[in-house]
Amino acid sequence: MSFGSFQPKNRFIKWFDGQLPILSLMHGTVVSYPTPRNLNYWWNFGSLAGIFLTVQIITGVILAMHYTPESTMAFDSVEHIMRDVNYGWLLRYMHANGASMFFLVVYIHIFRGLYFGSYKAPREVLWWLGLVILLLMMASGFMGYVLPWGQMSFWAAKVITNLFSAIPIVGESVVRWLWGDFSVGNATLNRFFSLHYLLPFLIVGVVILHIWALHIPGSNNPLGIDAKGPQDKIPFHPYYTAKDLFGLSVISVVFAFFIFYAPNSLGHPDNYIPANPLATPPHIVPEWYYLPFYAILRAIPDKLFGVIAMFSSILLLFALPWLDTSKVRSARFRPIYKQFFWLLVIDAVVLGYVGANPPEGAFILIGRLATTYYFLHFLVIVPIVGWLEKPKPLPESIASAVLGDKAEG
Amino acid sequence: MTHKNPCIALLIAVALVAVGMVPALAEEAHPEKQDWSHQGPTGTFDRGALQRGFQVYREVCSACHDLKYITFRNLGDLGYSKAEIAALAAEYEVADGPNDDGDMFTRPGIPSDHIPSPFANDNAARASNGGALPPDLSLIVKAREGGEDYIYALLTGYRDAPDDFTLGEGLNYNPYFTNSQIAMPQPLFEEAVEFADGTGASVEQMAHDVTTFLAWAAEPTLEARKRLGFKVMIYLLILVGLMYAVNRRVWKKLKQ
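The rules we used
- Residues numbered from 1 in each chain as written.
- Chains lettered and ligands numbered in written order.
- Predicted model: local features only at pLDDT ≥ 70, side-chain atom pairs only at ≥ 80, totals over all residues.
- Heavy atoms only, no water.
- Helix = DSSP H or I, 4+ residues; strand = E, 2+ residues; numbered from the N terminus.
- Buried < 20%, exposed > 50% of the residue type's maximum accessible area, 1.4 Å probe, protein only.
- Contact = heavy atoms within 4.5 Å.
- Areas by Shrake-Rupley, 256 points an atom, 1.4 Å probe, with all protein chains shown as cover.
- Lys, Arg positive; Asp, Glu negative; His and termini not counted.
- Charge placed at Lys NZ, Arg CZ, Asp CG, Glu CD.
- Salt bridge = Lys/Arg side-chain N within 4 Å of Asp/Glu carboxyl O.
- Polar contact = N/O pair within 3.5 Å; in protein donor to acceptor, adjacent residues only side chain to side chain.
- Axes fitted to C-alpha atoms, helices over the stretch in contact; angles between N-to-C directions.
- Parallel < 35°, antiparallel > 145°, perpendicular 65-115°, else oblique.
- Nonpolar A, V, L, I, M, F, W, Y, C, P; charged D, E, K, R; others polar.

Asker: Got a sec to walk through the overall build of chain B? Specific residues and values, please.
Answerer: When helices and strands are tallied, chain B shows seven helices and four strands. Listing every helix and strand of chain B by position from the N terminus yields α-α-α-β-β-α-α-β-β-α-α.

Asker: I'd love a proper account of the overall build of chain A, names of residues and values included.
Answerer: On a plain count of helices and strands, chain A comes out with 16 helices and two strands. With respect to the principal axes defined by its C-alpha atoms, chain A has extents near 65 × 60 × 40 Å. The buried share of chain A, reckoned over its 409 residues, is 52%. Counting only contacts in chain A whose residues sit at least 6 apart along the sequence, the fraction spanning at least 24 positions is 80%. Of the roughly 18,700 Å² of accessible surface on chain A, a fraction of 72% belongs to carbon and sulfur atoms. Averaging the coordinates of the 26 positive side-chain charges in chain A and doing the same for the 21 negative ones gives two points 10 Å apart.

Asker: Lay out the interface of chain B and chain A in plain terms, naming residues and giving numbers.
Answerer: Opposite the 48 residues of chain B that make contact, chain A presents 50 residues. Summed over the shared surface of chain B and chain A, the number is one salt bridge. Residue B:Arg73 pairs with A:Asp84 through a salt bridge whose shortest N-O separation is 3.6 Å. At the junction of chain B with chain A, the criterion picks out 10 residue pairs in polar contact (both at pLDDT 80 or more).

Asker: Quick rundown of the environment of B:Gln34? Include the residues and the values.
Answerer: All names here are of chain B. With respect to the element layout, Gln34 can be found in the loop between helix H1 (4-20) and helix H2 (47-59). Among the residues examined, Gln34 registers a relative accessible area of 22% and is labelled partly exposed. In this structure the C-alpha to C-alpha distance between Gln34 and Ala153, which are 119 residues apart in sequence, comes to 9.2 Å. Those residues in contact with Gln34 that lie beyond four places of it in its chain are Gln39, Asp149 and Tyr152.

Asker: Any chance you could break down the packing of H2(B) against helix H6 (residues 203-218) of chain B for me, citing the residues and the numbers?
Answerer: Residue and element names in this part refer to chain B. Taken N-terminus to C-terminus, the directions of H2 and H6 make an angle of 100°; their axes are 7 Å apart at the nearest point. Looking at the two axes, H2 sits roughly perpendicular to H6. Mapping the contact onto sequence places Ala49, Leu50, Arg52, Gly53, Phe54, Val56 and Tyr57 in H2 and Gln205, Met206, Asp209, Val210, Thr212, Phe213 and Trp216 in H6. Partitioning the contact of H2 with H6 into residue classes produces nine nonpolar, three polar and two charged.

Asker: With reference to specific residues and values, describe the side chain of A:Ser330.
Answerer: Residue and element names in this part refer to chain A. If you trace the backbone, Ser330 turns up in the loop between helix H13 (320-323) and helix H14 (335-356). Judged by its relative accessible area of 0%, Ser330 is buried. At a separation of 2.7 Å, a polar atom in the side chain of Ser330 contacts the main-chain carbonyl oxygen of Pro222. For Ser330, the contacting residues outside a window of four places in its chain are Tyr115, Phe116, Pro222, Leu223 and Gly224.

Asker: Mind laying out unusual backbone geometry, listing which residues take part and the relevant values?
Answerer: Put simply, A:His237 and A:Pro238 share a cis peptide bond, and its omega is 10°. Going from B:Gly97 to B:Pro98, the amide bond is cis rather than trans, its omega being 0°. By the secondary structure assignment, B:Pro98 is in the loop between strand S1 (93-96) and strand S2 (105-108). With a phi close to 60°, A:Trp149 is a non-glycine residue in the positive phi region.

Pasting the structure below:
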C-alpha cells in the first residue's frame, strides 16, 4: 500500500538522506502516508491539535523572554508585556486563547475517537498515548494559569495543590513539598514556571510517539472497517494536506475572533487583581476546560474520594478499549451506542455547567447525577451495549461504500 | 424502539431537575448596559471623553486611587501633545535618588515617570481611609465583572439606604457593590469639576467620561488590537475562500 517511497533527484539530498533518512521519514509521514479515502471533517482535529501545540510553544517561548517568574514582579511583568512590549498584547492573547483552542480541538478529537471507535484494536496504544498527552496538557495548562499571579492564579494553585493533602498519612508533607514552602508562594511560582516551560516539550515527544503509533495500523475512518486494498487509500498529500489547510483556515477565523474581539471572554476578571493571600475570592473557578472534572471532584462529599473520582474519570479511559465489548468500531453501525454517545456529550456539557456554578442548591444534585452517569456510561453501559446491541451490516469495503453511495458523509 | 426509553427518561429527568433549579438571587443590583464609544469590533475611544475622564481622575479619584501602570507619556494616546505632557508631568513632584551623596530627593516629573501614587504605601493608604485600601485603578475595568457598565453603575449608584437596611460603620449604601455597602464615600457630585471643553459636569457625564478613561487605562492597546483584527479577519476570510477552492479542486481529481 505504498505510493512510491521518497526518491529525490537532487544528489545532495540523496547523499544526506542516505546517511540520515529524516527526509524519507517526513515524506512518509505527511506526503505519501496511505490514508483512508473517506475521512470526514472530524478527522481535521488531530492536525489542528498539533498546530495549536506549536502556536503555544512559539508564543510561550517569546512571552518567557519578557515574563518574570517572581511573586512580587510576575503580575507587573504581565502588564509590561501587555503595555510596553511590541505586540506583547497579541502574543499574550494568542497564548491565553490558544490554550482554550488547544483544549477545544483536543476534546473534539477525543469525542471523535469515542464515536468512531478509534480506541479499539489495533489502536489501543495510540489511544493511551493520546490520554498521556491530555494529562500532560492539563498539568501544563494549570501551571500556565498560575503564572500571571492574579487572584484566580493564586487561589487555583492553592485549591489544586491542596487536593494532594487528601492522600492518607503523607498528604500534608506532599503538599508542602509541592509548594516548596509552607504556603503557595514564590517557590511555588518558580517551579511552576520551570515545569510549564518543560511539559510542552514532553508533549511534543509524546505527539511524535502518537503519530508513530498511528502510522503502524494507519488511520481509522468513519466506517470503522479496515482498508482492504489500494483502492481504499489515497496519499496524504495533496488530499489531506488540502483538507487540513482548509480546516485550519476556518478555525483560524474562530481563533482570531477571540484574540481580537473577545480576548478576555474565556478568562476571569479576578485574574486582573494581583494575587492576595489574605483575600479569598467568593467563587474560585478553574478555566472552562477543567470544569467537568471540577464538577466530578465536588460531587463527592469526601475529599479523598472526590480526588480519586476526578483522576479516575480520565484514568478509566485507559481501560476503554477493553470495556467496550463491541467488535464494530464506528457508531454509524451501532444504533444503541450512538444514542448513548450523545448522552455522554450532553453529560459532559452538564458537568461543565455545574462546575462553573457554586456547589449549592440544585447544582449539588445535578452534579452528583451527572457524575454518576459519567461512570455508569463507561463501566456499565458501554460493556452491556456491546453485548446486547445488534450492529447494522458493515459495508464490503471503503471504496465500495464511498464510490457506490454518494450520500456518505 | 425499546432501547430509546432509558435515554429519553434520563434526558427528561435531567431537564426536570434543571427547570427546578433557579439561580440564587444575587444580593447586588445588576448594572445596566451603557453605550461606549470603544465597544464593538470597530470601536475607538472618544478622545473628548478620555481627556474629560482624565480630568475627573486627576481632580477627584487621584486623591485616594493609584494609577500605577500609567506613565505621563502614555497620555499621548488621549490626544495631548508632547509639550502638553511635559508641562503636565512637571507639575508633579517625583521621588528619585539616591544621588551621589546617597540622599533621596524630589524633582519635577518627566514624561517617562509613572503618575505618582497618592500614598507612600498600602499601609498609609489604609490609615487614611478608615482601614480600607482604595484599589489601584489601572486595571479596574478589566478586573470587575460587568466591566465599564459596572464601574458606571457604581459611580452613579449612591443613594440613601432603605429603612430596613443596617449599614456598617463608616460604610456607604450602594446597591451595586458586594453586600450593597462600600467604604468609598460618594465621589462625584454635580459640577465637581469644570470641564475645559465646556461640557456640563453632571454626575452621569463625569461617571461616563472617567469610566471611558479607565477603560483606556486598563487596555491602552484596544484600538491597535481592533485595527489589526480587522485586517487579519479580511485576510483570513479570503484565505478560507481560497482554501475551499483548492481543496475542492484537489479532491475533484480523485473522483474522476
